[in-house]
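What follows is each chain in one-letter form.
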Amino acid sequence: MIEPKSYEEIASYIEKDEKVVFFFTADWCPDCQFIYSAMPDIEAENPDFTFVRINRDDYMEVAQKWNIFGIPSFVVVQNGKELGRLVNKLRKTKAEINDFLKSIG
């Protein structure tokens, strides 16, 4: 999983030709901690996506601009366009995330 070091690096992934999953998280978030251990499997099961982990606390302006008010949350973009989002404050399961990604294809 890619962990960007700057706003510029985040912006570079938004315009990519491939599908990019932005995983909004924070280390203090118990529901985020719950899904961390499943993320390597989710990545392996969805090889058509590039996964980018965004620490919401480090990049609050991005989270606010994208209306990310609950974490963990996932936003998929390609070529600067949003393809889908799984954004809410509820705990997410591996199956729920995989189903969401399959729905985007």
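Since the model is a prediction, treat every value here as computed from it, not as a measurement.

Once that is clear, we can look at the overall build of the chain. Of the regular secondary structure elements, the chain holds five helices and four strands. Against the compact-globule benchmark of 13 Å for 105 residues, the chain has a radius of gyration of 12 Å, which places it among compact chains. Dimensions of the chain, computed from the C-alpha atoms along their principal axes, are close to 30 × 30 × 20 Å. Taken over 105 residues, the chain has a buried fraction of 48%.

Mapped onto the fold, I68 is located in the loop between α4 (60-65) and β3 (73-78). Assessed through its relative accessible area of 2%, I68 is described here as buried. Expressed as a C-alpha distance, the spacing of I68 and V87, which sit 19 residues apart in the sequence, is 6.6 Å. Residues in contact with I68, not counting those within four places in the same chain, are F24, R56, A63, S73, V75, R85 and V87.

What counts and what doesn't
- Residues numbered from 1 in each chain as written.
- Predicted model: local features only at pLDDT ≥ 70, side-chain atom pairs only at ≥ 80, totals over all residues.
- Heavy atoms only, no water.
- Helix = DSSP H or I, 4+ residues; strand = E, 2+ residues; numbered from the N terminus.
- Rg over C-alpha atoms; globule rule 2.2 N^0.38 Å.
- Buried < 20%, exposed > 50% of the residue type's maximum accessible area, 1.4 Å probe, protein only.
- Contact = heavy atoms within 4.5 Å.

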